[in-house]
Amino acid sequence: MGHFDPASADLVRFTVRGRHVQRFLGEAAQTGAKLTCISPDAQGLTACASGRDLPRLRRAARRGGWQLELTGRRGPGRLLERLLRRPGIPAGLLCFALLSAWLPGFLWCMDFGTLDADVQTALRAALADQGIREGVRLDEELLNRSREALTLEETGFGWLSLNFTGGCLFVESTDRQTAELPAAAADTILVAAAAGEILSTDVRSGFALVKPGQYVAEGQPLAAAQKADRSGNPVRQGATGSVMARVRLDCTAAQPLTAESPILTGQHWVSREFCLLGYCWQPDETPQPEPEGDTVTRWLPLTVGRLALPASVRQIEGWERALRTVQYTPEAAAALARRSCRLDLLGRFPGAVIEQEDLETRQEEDSVVCTAHFVFIADIARSAPDPGLLPDSAGT
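These remarks concern the structure in this document. Every value quoted in this text rests on a predicted model; they were computed, and no experiment measured them.

Cut-off values and rules
- Residues numbered from 1 in each chain as written.
- Predicted model: local features only at pLDDT ≥ 70, side-chain atom pairs only at ≥ 80, totals over all residues.
- Heavy atoms only, no water.
- Phe/Tyr/Trp six-rings, centres within 6.5 Å; stacked < 30°, edge-to-face > 60°.
- Helix = DSSP H or I, 4+ residues; strand = E, 2+ residues; numbered from the N terminus.
- Buried < 20%, exposed > 50% of the residue type's maximum accessible area, 1.4 Å probe, protein only.
- Patch = residues over 30% accessible without salt bridge, like charges linked within 9 Å, V, L, I, M, F, W, Y side chains within 5 Å.
- Areas by Shrake-Rupley, 256 points an atom, 1.4 Å probe, with all protein chains shown as cover.
- Salt bridge = Lys/Arg side-chain N within 4 Å of Asp/Glu carboxyl O.
- Pairing = 2+ DSSP bridges.
- Axes fitted to C-alpha atoms, helices over the stretch in contact; angles between N-to-C directions.
- Core = buried A, V, L, I, M, F, W, Y, C linked by side-chain atoms within 4.5 Å.
- Contact = heavy atoms within 4.5 Å.

Comments concerning the packing of aromatic side chains
Link 1 in the chain: Under the counting rule described, the total for this entry stands at three aromatic pairs.
Link 2 in the chain: Between F24 and W66 the ring centres are 5.9 Å apart and the planes differ by 80°, which places this aromatic pair in the edge-to-face class. One end of the pair, F24, is in helix α1 (residues 23–30); the other, W66, is in the loop between α2 (54–64) and β4 (67–74), and 42 residues separate them in sequence. Each member of the pair, F24 as well as W66, is classed as buried.
Link 3 in the chain: Measuring from ring centre to ring centre gives 5.3 Å for F349 and F376, while their planes differ by 50°; the resulting arrangement is tilted. Taken as a pair, F349 in the loop between α7 (330–348) and β20 (353–363) and F376 in strand β21 (residues 367–379) lie far apart in primary sequence, 27 residues in all.
Link 4 in the chain: Note on F376: relative accessible area 0%, which makes it buried.
Link 5 in the chain: Three or more aromatic residues joined by ring pairs form one cluster here, namely F14, F24 and W66.

The structure is reproduced here in structure tokens:
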């Protein structure tokens, strides 16, 4: 068949028969076909050409009344020849195959299922702290480390599942449910943190000394840590539990009419950091106002319409605060003093339910003083060391 033409991936050999067959060479040249290995014989000629020129050679032979017969062919064929003559096609296919194997290792989107929007925001922020966000490359080590860290930390999540497949991270979570099991020492008793009327008792260990309907004084024992058995021998058991009572308590707070307070100045700034395929950059340097104020950090996935991209944006939004002199009206100062009284009450008795609240306010030279008379229901039981063997009953 002659030498292989590097410019052609499809080489054919043919014979041409007929009268004045030499004219065929001119006709072939007019069609743009390139003939090689031309060999004349008694009946015609033999030549080689590229497979892509064969249709044009056949048409030229029909026009001149010659008979063209294909005697041999080698090479990958016409389809592959077309691909080789258009290198962009095989290069695109190769790039597509490589990207199909490489890109799914990056995180494109997160699926939180039916979790509430607030829970999704908290989970997205917690995952970002562990280095998991759209645009990073994930592996099992990172997923396991993040799952263990979020489960062990005080994040409020109980059971957490992270499943990564096809570029999507499926996140499932349940709220953490905790139960405090106080370990009471053998010499611990319960005493009243305030005077009041006992409404109910829930002594889980130890020996109750009061019952509903009794009135107790502040510091009075509510549950003992030891009790004599029938033989007179002391039985020790640390006291734990709760005692609900109705309590009357007075709280006093003063609110100055003039105070230095950090307030919002109205200056606002936004800083963004982009993350794409594991690379992060900040397009511009946004100076933070001094002194720093309140900031909110959001992790936003990048999308084009409904198409998710392996990219995310960390947006930090801040509002400046600065110390300013604030002049309160007497009404506003009274409201703040009342708020301080409530905070004092709830700090001493968490979970207290206020039934009645009477306020007395008086304005002094540079402040407003509020005295709140509360009637509330709360747990008044507090742990205290056992001073010794207590009587079997106490109270009034």
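A look at a nonpolar patch on the surface
Link 1 in the chain: Among the surface-exposed residues, L276, Y279 and W281 lie close enough to one another that they form a single nonpolar patch of about 360 Å² accessible area.
Link 2 in the chain: Classification of Y279 as exposed rests on a relative accessible area of 63%.

Description of the sheet that holds strand β1 (residues 11–17)
Link 1 in the chain: Strand order in the open sheet formed by four strands is β2-β3-β1-β4, and the pairing between neighbours is antiparallel. The open sheet has two edge strands, β2 (36–40) and β4, and neither has a second partner. Sheet twist, expressed as the mean angle between neighbouring strand axes with direction ignored, is 20°.
Link 2 in the chain: With seven bridges joining them, β1 and β4 adopt antiparallel strand pairing.

What to know about the nonpolar core
Link 1 in the chain: With 27 residues, the main nonpolar core has L222, F349, F376 and I380 as its most contacted residues.
Link 2 in the chain: Of all the secondary-structure elements, those providing two or more residues to this core are β8 (188–192), β12 (221–224), β15 (240–256), α7 and β21.
Link 3 in the chain: Among the elements that line this core, the one with the most residues is β15, at six residues.
Link 4 in the chain: Apart from residues lying up to four places away in sequence, F349 is in contact with A193, A194, L249, F376, A378, D379, I380 and R382.
Link 5 in the chain: The next biggest cluster of nonpolar side chains, apart from the first, holds 18 residues, and it includes L127, V136, L143 and C275.

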